[in-house]
Amino acid sequence: MLEIIDVLEQPQLAEDEKILATPTLIKRLPPPLRRVIGDLSDKEKVLLGLDVWLDSSPDEPEDTP
Amino acid sequence: MSEQTPRTPAVTKLATGIASFDMIAEGGLPMNRTTLIAGTAGSGKTVFAVQFLAAGIDLGESGVFVTFEESPRDVRQNMYSFGWDLAQWETDGKLAQVDASPDPGSTVIESGSFDLGALLARVEHAVRKVGATRVAIDSLGAMFSQFRDQAVVRNELFRIASALKDLGVTAVMTAERTDDYGAIARFGVEEFIADNVMVLRNGLDEEKRRRTIEILKFRGTDHQKGEFPFTIVGSEGIVVIPLSAMQLRQKSSDVRISSGSAELDQMCGGGFFRDSVILVSGATGTGKTLTVTQFLAGGAAAGERCLLLAFEESRDQLFRNASGWGIDFESMENEGTLRVVCDYPEVRGLEDWLVRIRALIEEFRPQRVAVDSLSALERGGNLKGFREFVIGLSSLIKHLEITGLFTSTTASLMGGTSITESHISTLTDSIILLRYVETFGEMKRGITVLKMRGSLHDKDIREFTIDADGMHLGRAFRHVTGILSGTPVHVSPGDIERIWSHFEADAEREAAQKKAT
């Protein structure tokens, strides 16, 4: 479920969530809680930030004994 | 800058409520503007920021505290020791905190461009919620370290500053410096909030910390210039010691009071002046503490309250000494005419001593204050700090029309002056010297009134003795010369006559010349 909040209209919600930057994307479920700020133009960072990166990440080569 | 509002005639000031600060700021902080408070770590920036809000709340104003560094919980806890109950104020709707402190539990990923519109909305919301007139932002350094894109933060800060202006609030922002004397602040923040800059310093000098506050500039309005020492007191927060502002308003009375010794009164031309500062200088054991004891006894006898600040001897020693001279400190204290405060000078810095002494004076309201000895306090700071302390103390005493008696210990046994003396003699109204005089295998004591501002006094160096009744003044040392320089030389009566005859011969010659012309 995605909820969109305009901080100018509901500043108290921003206060409760301790949001500083706009726009901010908060992923609650599944845990862990993640925050991504910015206009989401950097796709890789968004995926990394939301922790939805696949386990077999090409960036992280497996340790070979 | 974008601050030009052509209709505004002049910059008005908001009295912060921090009395000593308002004095050096000549009224307070520029109203409806943002003032940058720059300082190194531990220089008191956060304390000032919170005190600014606390003083406003005391005056019936509301405030908003934006924290980038400590969590609101930590801020409440840390500031509670100053007597500022932030939690209570928040409940009462006098204070709102905007929590922008970093959350250690969550990582923030920056993906693409962003602004701090949410923060701005929260600050505006908080200001409206409590009807705030004061905002404190602590600290800019912590704000910058939360984001990778510094240019955005700088730009957003500018937006926040101008939004605060539109809201009609007076704000302070704290910023870190790496060095007490250098660039105003890191991150180039002074570029956009450079209208009003204050610097707090916490310099290390001769192993002692010395705090100073300087108003670098208040654009379009006046302030006192230079660094002013300040201290942070547990119950009050920041207390600035406004030296230049204190000195000028002294009254002067010609009421005489007794020194506690009728003979010394006579030497001084009828006693000390009511609101004067007297310095008693002498080597160890010449009778300084006795002079102090008599001065206090004289006050108590006249029904005056006396405060003794003793830095060299313990309470028991002082009481025993006094009873040795026939003075009962115990009963004076029981009657409420005497209060004795004994402490090592090292327990606090000189600025803190000044604040402590002021608090003692305000509480006890004495007519006489004695400090035994001032030299001991020299160890509490550097020379400049010590001089400032003495200026502060003497002007405080004079302002309240209190008679002050300070003692100063000379380093050498015979003659000589102490550092204390050479640095403060111009600040005192009267100077009494106690000196050892060596005469034919015997140590005698000599006393002279070196200076007595606004009065005639005895110019003799007189011998005095001490017995169970205190000090007794004897005759002048007529046959000894060089006492003050520490090298007494005995002169036979014949030599004295010869010297006098020179003067007489000179006088006769002059008279003869006058006749001739």
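Relevant structure appears above.
Quantities reported herein were computed from a predicted structural model and do not represent experimental measurements. (Residues numbered from 1 in each chain as written. Chains lettered and ligands numbered in written order. Predicted model: local features only at pLDDT ≥ 70, side-chain atom pairs only at ≥ 80, totals over all residues. Heavy atoms only, no water.)

**Q** Describe the packing of helix α13 (residues 350-364) of chain B against helix α15 (residues 383-399) of chain B, naming the residues involved and giving the relevant values.
**A** Residues and elements named next belong to chain B. Across the interface, α13 lies against α15 with an axial gap of 9 Å and an inter-helix angle of 10°. Taken together, the axes of α13 and α15 are roughly parallel relative to one another. In this structure, α13 crosses over α15, and the sense of that crossing is right-handed. Across from L350, W353, L354, I357, R358 and I361 in α13, the residues of α15 making contact are G385, F386, F389, G392, L393 and L396. Residues belonging to the contact of α13 with α15 are distributed by class as follows: 9 nonpolar, 2 polar and 1 charged. (Axes fitted to C-alpha atoms, helices over the stretch in contact; angles between N-to-C directions. Helix = DSSP H or I, 4+ residues; strand = E, 2+ residues; numbered from the N terminus. Parallel < 35°, antiparallel > 145°, perpendicular 65-115°, else oblique. Left-handed = near helix turned anticlockwise from the far one by under 90°. Contact = heavy atoms within 4.5 Å. Nonpolar A, V, L, I, M, F, W, Y, C, P; charged D, E, K, R; others polar.)

**Q** Lay out the sheet that holds strand β9 (residues 196-205) of chain B in plain terms, naming residues and giving numbers.
**A** Residue and element names in this part refer to chain B. Taken in spatial order, the 9 strands make up an open sheet running β5-β4-β7-β8-β3-β9-β10-β11-β12, and their pairing is mixed. For this open sheet the edge positions go to β5 (95-99) and β12 (237-240), each flanked by a neighbour on one side alone. Geometrically, the sheet is characterised by an average inter-axis angle of 25° between neighbouring strands, direction not taken into account. Alignment of strand β3 (residues 34-39) against strand β8 (residues 170-176), held across 6 bridges, turns out to be parallel. Its bridge partner lying in β8, L36 is registered against M173. Against the sheet, α13 touches β10 (208-218), β11 (227-233) and β12, its axis set at about 65° to β11. (Pairing = 2+ DSSP bridges.)

**Q** I'd like to hear about the pattern of salt bridges, residue by residue, with values.
**A** Residues and elements named next belong to chain B. Counting across every chain of the model gives 22 salt bridges over all chains. R339 is the partner of E363 in a salt bridge, and the nearest nitrogen-oxygen pair spans 3.2 Å. Highlighted residues: E363 in helix α13 and R339 in strand β17 (residues 338-342), separated in sequence by 24 residues. What makes E363 exposed here is its relative accessible area of 58%. The exposure class of R339 is partly exposed, given its relative accessible area of 26%. (Salt bridge = Lys/Arg side-chain N within 4 Å of Asp/Glu carboxyl O. Buried < 20%, exposed > 50% of the residue type's maximum accessible area, 1.4 Å probe, protein only.)

**Q** Describe the environment of S485 of chain B, and please don't skip the residues or the numbers.
**A** Relative to the assigned elements, S485 of chain B resides in the loop between β24 (480-481) and β25 (489-490). C-alpha of S485 of chain B to C-alpha of T337 of chain B: the two residues are 148 residues apart in sequence and 39 Å apart in space.

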